[in-house]
Amino acid sequence: EKSGAIARRVMQSGDLGIVEKTGANDLQTAADRLVQKSICASLSRSFPKLTIIGEEDLPAETVEEDLIETKQAEEVLLKPCPPEYSSLKEEELVVWVDPLDGTKEYTEGLLDHVTVLIGISYGGRAIAGVINQPFYNYQLGSGAVLGRTMWGVLGLGAFGFQLQEVPDNQRIVTTTRSHSNKLVTDCVQAMEPHKVIKVGGAGNKIVQLVEGKASAYVFASLGTKKWDTCGPEAILHAVGGKLTDMHGNAYCYDANVKHMNSAGVLATLRNHDYYLSRVPQSVKQALS
Ligand SMILES: Nc1ncnc2c1ncn2[C@@H]1O[C@H](COP(=O)(O)O)[C@@H](O)[C@H]1OP(=O)(O)O
Ligand SMILES: [Mg+2]
Ligand SMILES: [Mg+2]
Ligand SMILES: [Mg+2]
């Protein structure tokens, strides 16, 4: 929630401080930098033995005290910890932080595509996640309370939203709007979709799956990284969905894993096997 407030404040300041990383479709803003500092410094102060991996490469410098969050969420603490996780040690957990997902869309004013993502992994598996949408409700105009937080834990469930499914076996495929190519669009078409939605952000597309706006997230390309999928995958899995690469294999979220999700993203709430069976051979050969 603090991250969401930072993302709103930077947008309101009008000075996004945009930096190109590898190119015009790979940007960093002041919000990416400030939110990563806030999340990483706050977590490591409270939980010094965690391994925390954030998207942005930032110089090691002292973090302003007003970026540090010390409070804990009452709503979360009221839930019981699933017994299989009750004796985990802090040093066994890896936290993947995407301070702003959908940065390209953030710079273009497509504010509802933007999320803040925190994923927790144990033994290489995504076990818990948080998705904050800083600009949720912004279409309602001035006066609306902006932002919401969705979170989930394997074996416990997911909260902060109402789980919904796409009706009547409609195949609604959600995919990238800013990182497309021929293989990506060929793979979407191979799903024989009734409808295709093109939006930014990995977190945003998982939100569409669990809220009944889309039935599959199909991205037959490298480009997303472990911080894009860890948190969203945990929430999706907590409600019975599935996220894999284009071969149907799970991604590993260990501390030493390579960051790139080289074999694409296929995520569904239901009927994963159908979508997997439709992935063209050309896609499987191109993405290894
Ligand atoms: N080619 C790419 N270069 C950099 N980031 C990418 C690329 N493809 C995907 N991403 C990251 O994955 C997210 C989902 O992809 P898309 O929006 O294209 O569906 C993007 O918002 C971006 O995250 P981020 O904004 O955190 O850098
Ligand atoms: Mg980025
Ligand atoms: Mg991202
Ligand atoms: Mg990001």
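Calculation criteria
- Residues numbered from 1 in each chain as written.
- Chains lettered and ligands numbered in written order.
- Predicted model: local features only at pLDDT ≥ 70, side-chain atom pairs only at ≥ 80, totals over all residues.
- UniProt positions renumbered as here; feature names shortened; annotations may be inferred.
- Helix = DSSP H or I, 4+ residues; strand = E, 2+ residues; numbered from the N terminus.
- Buried ≥ 20, exposed ≤ 12 C-beta atoms within 10 Å, placed from the backbone.
- Near = placed C-beta within 6 Å.
- Nonpolar A, V, L, I, M, F, W, Y, C, P; charged D, E, K, R; others polar.
- Domains from an automatic or database assignment.
- Contact = placed C-beta atoms within 7 Å.
- Expected span 1.5 Å × (residues − 1).
- Arc of directions from axis to C-beta.

## Thoughts on the UniProt feature "binding site: Mg(2+)" (unreviewed entry) in the protein chain
Reasoning step 1: The UniProt record marks E55, D98, L100, D101 and D228 with the feature "binding site: Mg(2+)" (unreviewed entry), using the residue numbering of this structure. Look at the named residues: they lie 174 residues apart in sequence, but the longest C-alpha span between them is just 9.8 Å, so in the fold they bunch up.
Reasoning step 2: Inspection of the secondary structure assignment puts E55 in the loop between β3 (51-54) and α3 (74-77).
Reasoning step 3: Under the C-beta neighbour-count criterion, E55 is labelled buried, with 22 such atoms within 10 Å.

## Regarding the site of ligand 1
Reasoning step 1: The local shell around ligand 1 holds 19 residues, among which T103, T176, H179, G200 and G223 are the closest.
Reasoning step 2: Residue assignment for the shell around ligand 1 shows that the elements contributing at least two residues are β4 (93-101) and α4 (103-107).
Reasoning step 3: It is β4 that provides the largest number of residues to the shell around ligand 1, a total of three residues.
Reasoning step 4: When the residues that make up the shell around ligand 1 are grouped by side-chain class, the tally is three nonpolar, ten polar and six charged.

## Quick notes on the domain arrangement of the protein chain
Reasoning step 1: As far as domains go, the protein chain holds domain 1 (2-156) and domain 2 (172-286).
Reasoning step 2: The centre of domain 1, based on its C-alpha atoms, is set 21 Å off from the matching centre of domain 2.
Reasoning step 3: Taken together, the contact between domain 1 and domain 2 spans 35 residues of the former and 26 residues of the latter.
Reasoning step 4: Listing elements by their share of the side of domain 1 that touches domain 2, those giving two or more residues are β3, β4, α4, β5 (115-122), β6 (125-133) and β7 (148-153).
Reasoning step 5: Among the elements that make up the side of domain 1 that touches domain 2, the one with the highest residue count is β6 (seven residues).
Reasoning step 6: Looking at the side of domain 1 that touches domain 2 residue by residue, the classes come out as 18 nonpolar, eleven polar and six charged.

## A word on the environment of A263
Reasoning step 1: Among the secondary structure elements, A263 is positioned in the loop between β12 (242-244) and β13 (265-268).
Reasoning step 2: A263 sits in the buried class, given 21 other C-beta atoms within 10 Å.
Reasoning step 3: Expressed as a C-alpha distance, the spacing of A263 and G152, which sit 111 residues apart in the sequence, is 25 Å.
Reasoning step 4: Those residues in contact with A263, other than ones at most four positions away along the chain, are D245, M246, H247, L287 and S288.

## What about helix α1 (residues 2-13)?
Reasoning step 1: The terminal C-alpha atoms of α1, which comprises twelve residues, lie 17 Å apart, in line with the 16 Å expected from a rise of 1.5 Å per residue.
Reasoning step 2: Of all the positions in α1, only S3, G4, I6, A7, V10 and M11 are classed as buried. Each buried residue of α1 sits inside an arc of 160° when the element is viewed along its axis, so together they form one side. Relative to its buried face, α1 has exposed residues pointing more than 90 degrees away, namely Q12 and S13.
Reasoning step 3: Along its buried surface, α1 packs onto α2 (30-46), β4, β5 and β6.
Reasoning step 4: Where α1 terminates, the next one or two residues include G14, which has phi positive at roughly 80°.

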